[in-house]
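# Architecture and fold: a report
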Amino acid sequence: CESLKHVDLVEGALLHETIAALYFEEWRHDMSAEINSIHQILHTADAGEWDYDIDEYVDEGEKANAIRRWIRSVLGKMTHY
């Protein structure tokens, strides 16, 4: 139709609820993926080495670094949403 100027797909408040639900679903999917990824990483990552003579880590290991990266990723997603 040549005279068609615009289409209302969803009315006002319902549109906002629909958009919020889409973001929530995407958020749940992203957070589920994040949780699954950290579980996989922690399951296989090296925990590092503790030196009991000096009472500290001599090798921090991959777990600590993986957790730091994961936290940054989750915080980035929280900022996004």
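Along every chain, residues carry numbers that run from 1 in the direction the sequence is written. Thresholds applied to this predicted model are a pLDDT of at least 70 for local features of residues and 80 or more for the giving and counting of side-chain atom pairs; totals over whole chains, interfaces and linings are not thresholded and use all residues. Water and hydrogen atoms play no part in the side-chain values, which are based on all heavy atoms of the structure.

### Overview of the overall build of the protein
Helix numbers and strand numbers start at the N terminus; a helix is a DSSP run of H or I with at least 4 residues, a strand a run of E with at least 2. Across its full length, the protein holds two helices and two strands. Element order for the protein, N to C, with α for helix and β for strand: α-β-β-α. Note on contacts: a residue pair is in contact if any heavy atoms of the two residues lie within 4.5 Å. Long-range contacts, defined here as pairs at least 24 residues apart, represent 44% of the contacts in the protein between residues at least 6 apart. For the area figures, the Shrake-Rupley method with a 1.4 Å probe applies, and any residue is considered shielded solely by the protein chains shown. Carbon and sulfur atoms make up 56% of the accessible area of the protein, which totals about 7000 Å².

### Some words on the confidence of the model for the protein
Detailed reading of the predicted coordinates is not advisable wherever pLDDT falls low. Residue-level confidence of the predictor is summarised by pLDDT, bounded by 0 at the bottom and 100 at the top. On average, residues of the protein carry a pLDDT of 76, and 77% of them reach 70 or more. Put simply, strand β2 (residues 56–59) is where the protein has its lowest mean pLDDT, 74, and helix α2 (residues 61–80) is where it has its highest, 84.

### Here's the deal with the pattern of salt bridges
Pairs may arise between side chains of opposite charge once their charged atoms sit close together. Salt bridges are counted wherever a side-chain nitrogen of Lys or Arg sits within 4 Å of a carboxyl oxygen of Asp or Glu. Summed over all chains, the structure comprises three salt bridges. With its nearest N and O atoms 3.7 Å apart, the salt bridge here joins arginine 28 to glutamate 25. A residue pair is termed a helical-turn pair when its members lie 3 or 4 positions apart in one helix, as arginine 28 and glutamate 25 do in helix α1 (residues 12–44) at three residues. Throughout, exposure labels follow a simple rule: accessible area from a 1.4 Å probe, protein chains only, divided by the maximum for the residue type, with under 20% read as buried, over 50% as exposed, and the rest as partly exposed. Among the residues examined, arginine 28 registers a relative accessible area of 45% and is labelled partly exposed. Judged by relative accessible area, glutamate 25 falls into the partly exposed class, the value being 48%. For glutamate 62, the salt bridge is made with arginine 69, and the minimal N-O distance between the two is 2.5 Å. On the basis of relative accessibility, which here comes to 34%, the residue glutamate 62 falls in the partly exposed class.

### Some remarks on α2
Between its first and last C-alpha atoms α2 spans 30 Å; for 20 residues at 1.5 Å apiece the expected length is 28 Å, and the two agree. Taken as a whole, α2 has its buried residues at Gly61, Ala66 and Val74. Burial along α2 is one-sided: seen end-on, the buried residues are contained in an arc of 105°. Set apart from the buried face of α2 by more than 90 degrees, the exposed residues are Arg72, Thr79 and His80. The span expected for a helix works out to 1.5 Å for each residue beyond the first. Think of it as the arc spanned by the lines of direction from the helix axis to the C-beta atoms.

### Observations regarding the side chain of glutamate 34
Assignment of secondary structure puts glutamate 34 in helix α1. Polar contact criterion, stated in full: a pair of N or O atoms within 3.5 Å, where within protein one must be able to donate a hydrogen and the other to accept it, and residues adjacent in sequence count only if both atoms are side-chain atoms. Polar side-chain contacts of glutamate 34 include one of 2.6 Å to the side chain of serine 73. When residues no more than four places from it in sequence are discounted, the contact partners of glutamate 34 are Trp70, Ser73, Val74 and Lys77.

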